[in-house]
Amino acid sequence: MVFSDPWDSGYCSKETPRKSRSGLSVNAPMEPGSSSTEKFYRIPKGKGPHSVGCTDLMTENAVEGSFLRLYYPSCSGTDNEEAPWIPDKEYYQGLSDFLNMYRVVGERLFQYYVGSVTCPAKSNAAFKLGEKYPLLIFSHGLGAFRTIYSAICIEMASQGFVVAAVEHRDESASATYYCKKKSISEPQEESTSGLEKEWIYYRKLKAGEEERCLRHKQVQQRAQECIKALNLILKINSGEEVTNVLNSNFDWNSVKDSVDTSRIAVMGHSFGGATVIESLSKEIRFRCGIALDAWMLPVGDDIYQNSVQQPLLFINSEKFQWADNILKMKKLSSSDTNKKMITIKGSVHQSFPDFTFVSGGLIGRFFKLKGEIDPNEAIDISNHASLAFLQKHLSLKKDFDQWDSLVDGIGPNVIPGTNIDLPPAEPE
């Protein structure tokens, strides 16, 4: 049974093998081990001044529609319950497929360990009026889905962003679905307007299939889905009527005139980092982007020909990256002072998704869900650097500039650039 780094497995198979790298000393002590029977853990709450709500939005009864979870500043004092972290058992099945586990085993394990986990955002809470909030589109990694980067999305919403976390339907998510009309012959089990969920599971590489070709095709679809999500939120902001095919009592009319349409950015992890780059090259309304431990294999060669003009921040973990991947980032950002790269010491690829918070210390490190750095410190460094970068390039009037030094790789447990030993630059 394999429960190793879900967004890491096989990434280097089509690249040059990873070269050895020097270890970085971490200023904080390693988190103490914990019993494997420990069950309940908490995803961290947002640290900003706003309470946070979330709601799901799906348009159209077809795979071509948009599907996203919206995180937003909400009215405080609401008695709404926290949203479920993983809302359907089919996601457990998809994760099991992705991790090469028997579904019946994986579903039981996930149900036992994380079935009771909620994310610290109130489901369908009232939208907080009175401000125009910048918009952030978030793209998940390979084998992930819209809900499992809630620590990042909730922090951004608590700091005054509207965050649309897209669920991609390019067969790179562990599982996703769209709603279709039930056939007349099927029983109307639920009172939901005669719709049923049509599930789409992760597609593995076929024998002899070139991974780069598949991933490049997928990243193009992913970028279009990010742009589609952007257009959808702006449509709602303008007051146009949008039909949500999911059952929800959220008042979408309350979002009207609450998004600052001049301040829009895109952010993503791993395959989502590649999606950030592809989205920036296709959509100028994204004023800047943040790529968390980006996987560069899907990025097309044409992208490196000055097609990404916007500022871009690479935030890397210490343990995931390798020379070829870093060289592609540097190729994209050479001689551009608005493109930055930092590395968080002691972090792993799974320091960005929520799994790092809902696993015990012993299990977390054994399955590479935790690094040597405390997960809360790692996510704080990433979030603070992101906020400082967003303030500068979206011209925000906030106090996020207190973390400007992190963007330059200055501070505890962060370094500028990379820890990876790179080959000497070839002469022109």
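For the structure, check the block above.
Nothing here was measured: the structure is a model prediction, and the numbers come from that model.

1. Overview of unusual backbone geometry
So, step 1. The residue serine 270 is not glycine, and still its phi comes out positive at about 60°.
So, step 2. Following the sequence through the fold, serine 270 ends up in the loop between β9 (259–269) and α5 (271–282).
So, step 3. For asparagine 306, which is not glycine, the phi dihedral falls at a positive 60°.

2. Here's the deal with the packing of helix α4 (residues 211–237) against α5
So, step 1. Close contact between α4 and α5 brings their axes to 8 Å; oriented N to C, the two are set at 65°. With respect to the hand of their crossing, α4 and α5 are arranged in right-handed fashion. Contact residues: Arg215, Gln218, Val219, Gln220, Arg222, Ala223, Gln224, Cys226 and Ile227 in α4; Phe271, Gly272, Ala274, Thr275, Glu278, Ser279 and Lys282 in α5.

3. Observations regarding the sheet that holds β9
So, step 1. Pairing in this open sheet of eleven strands is mixed, and the strands run β3-β4-β1-β2-β6-β5-β9-β10-β11-β12-β13 from one edge to the other. With partners counted over all chains shown, the strands left at the sheet margins are β3 (82–84) and β13 (414–416), one partner each. Within this sheet the neighbouring strands show an average axis-to-axis angle of 30°, counted without direction.
So, step 2. With three bridges connecting them, β3 and strand β4 (residues 118–123) associate as antiparallel partners. Bridging across to β4, alanine 83 finds its partner in cysteine 119.
So, step 3. Most of the contacts of helix α8 (residues 375–394) go to strand β10 (residues 288–292), to which it runs at about 165°, and overall it touches β5 (133–139), β9, β10, β11 (312–317), β12 (339–344) and β13.

4. Considerations on helix α6 (residues 323–333)
So, step 1. Among all positions of α6, only Ala323, Asn325, Ile326, Met329, Leu332 and Ser333 are buried.
So, step 2. Along its buried surface, α6 packs onto α5, β11 and β12.
So, step 3. Just beyond α6, the residue with positive phi is serine 335, at close to 60°.

5. Points about the pattern of salt bridges
So, step 1. Under the criterion given, the structure shown has 21 salt bridges.
So, step 2. For glutamate 90, the salt bridge goes to lysine 89, with nearest N and O atoms at 3.2 Å.
So, step 3. According to the relative accessible area criterion, glutamate 90 is buried, its value standing at 16%.
So, step 4. Note that arginine 203 is salt-bridged to glutamate 209, the shortest N-O span being 2.8 Å.
So, step 5. Each of the salt bridges in this network shares a partner with another, and the network as a whole consists of Asp56, Arg69, Arg146 and Glu167.

6. A look at the nonpolar core
So, step 1. Counting 128 residues, the largest nonpolar core has Ile137, Phe161 and Phe314 as the members making the most contacts within it.
So, step 2. The residues touching phenylalanine 161, leaving out its near neighbours within four places in the chain, are Tyr71, Tyr72, Pro73, Tyr133, Pro134, Leu136, Met156, Leu387, Leu390, Leu394, Leu396 and Phe400.

7. Structural notes on empty space enclosed by the protein
So, step 1. Following the criterion strictly, the structure yields two cavities of 30 Å³ or more and no others.
So, step 2. Here the largest cavity is characterised by a volume of approximately 70 Å³.
So, step 3. Every residue along the wall of the largest cavity is listed here: Pro44, Lys45, Lys47, Ala151, Glu155, Ile379, Asp380, Asn383 and His384.
So, step 4. At the level of elements, α3 (150–158) and α8 are the ones that each hand at least two residues to the lining of the largest cavity.
So, step 5. With four residues, α8 is the single largest residue contributor to the lining of the largest cavity.
So, step 6. Taken as a whole, the second largest cavity holds about 60 Å³ of empty space.
So, step 7. Every residue along the wall of the second largest cavity is listed here: Gly65, Ser66, Phe67, Leu68, Val166, Glu167, Arg169, Glu225, Lys228 and Ala229.
So, step 8. For the lining of the second largest cavity, the secondary-structure elements that each account for two or more residues are β2 (67–74) and α4.

8. Notes on α4
So, step 1. Relative to the 39 Å expected for 27 residues at 1.5 Å per residue, α4 spans 39 Å between its end C-alpha atoms, a close match to the ideal helical length.
So, step 2. Phi turns positive one or two residues past the end of α4, at glycine 239, with a value near 100°.

9. Regarding the packing of aromatic side chains
So, step 1. Inspection of every chain in the model, using the stated rule, returns 17 aromatic pairs.
So, step 2. Both rings, one in tyrosine 92 and one in phenylalanine 110, keep their centres 5.9 Å apart while their planes meet at 5°; by these two values the pair is stacked. Linking tyrosine 92 in helix α1 (residues 89–98) with phenylalanine 110 in helix α2 (residues 103–114), this pair joins segments that are 18 residues apart in sequence. This pair shows no difference in class: tyrosine 92 is buried, exactly as phenylalanine 110 is.

10. Some thoughts on the pairing of β4
Residues in a regular strand point their side chains to alternate faces of the sheet.
So, step 1. Pairing analysis gives two bridges linking strand β1 (residues 51–58) to β4, with the strands arranged parallel. Across the sheet, residue cysteine 54 finds its bridge partner in β4, namely serine 123.

11. Topic: the side chain of aspartate 354
So, step 1. Following the sequence through the fold, aspartate 354 ends up in the loop between β12 and α7 (361–366).
So, step 2. This buried residue, aspartate 354, is left without a salt bridge; arginine 69 holds the nearest opposite charge, at 8.1 Å.
So, step 3. At 3.0 Å, the side chain of aspartate 354 forms a polar contact with the backbone nitrogen of alanine 151.
So, step 4. Setting aside its immediate chain neighbours within four residues, aspartate 354 contacts Ile43, Trp85, Thr147, Ile148, Tyr149, Ser150 and Ala151.

Each value, and the rule that gives it
- Residue numbers run consecutively from 1 along every chain, following the written order of its sequence.
- Reporting in this predicted model follows two pLDDT cut-offs: at least 70 for local features of residues, and 80 or more for side-chain atom pairs to be given and counted; totals over whole chains, interfaces and linings ignore these cut-offs and use all residues.
- Water and hydrogen atoms were dropped before computing side-chain values, which therefore reflect all heavy atoms in the structure.
- The helix count covers DSSP runs of H or I at least four residues long, the strand count covers runs of E at least two residues long, and both are numbered beginning at the N terminus.
- Each axis is a line fitted through C-alpha atoms, and for a helix only the stretch in contact is used; angles between axes span 0 to 180 degrees, taken between their N-to-C directions.
- By the definition used in this description, the sense in which the near helix is turned from the far one sets the handedness, with an anticlockwise turn below a right angle giving left-handed and a clockwise turn giving right-handed.
- We call two residues in contact whenever any of their non-hydrogen atoms come within 4.5 Å of each other.
- At least two bridges found by DSSP between two strands is the condition for calling them paired.
- Relative accessible area decides the class of each residue, using a 1.4 Å probe on protein chains only: under 20% of the type maximum gives buried, over 50% gives exposed, and in between gives partly exposed.
- Criterion for a salt bridge: a side-chain nitrogen of Lys or Arg within 4 Å of a carboxyl oxygen of Asp or Glu.
- We call a set of buried Ala, Val, Leu, Ile, Met, Phe, Trp, Tyr and Cys residues a nonpolar core when their side-chain atoms join them within 4.5 Å.
- In the cavity and pocket records, a cavity denotes points on a 1 Å grid over the protein atoms alone where a 1.4 Å probe fits but cannot get out, a pocket denotes an open set with protein on both sides within 12 Å along at least 5 of 7 lines, and lining residues are residues with an atom within 4 Å of a point.
- Grid points are joined across faces, edges and corners, and a volume is the space filled by probe spheres set on the points.
- Here, expected helix span is obtained from the residue count minus one, scaled by 1.5 Å.
- Working definition: a ring pair exists when centres of Phe, Tyr or Trp rings (six-membered ring for Trp) sit within 6.5 Å. Plane angles under 30 degrees give stacked, over 60 give edge-to-face, the rest tilted.
- None of His or the chain ends enter the tally, which takes Lys and Arg as positive and Asp and Glu as negative.
- Within 3.5 Å is the distance limit for a polar contact, defined as a pair of N or O atoms, with the added protein rule that one can donate a hydrogen and the other accept it, and that residues adjacent in sequence qualify only through two side-chain atoms.

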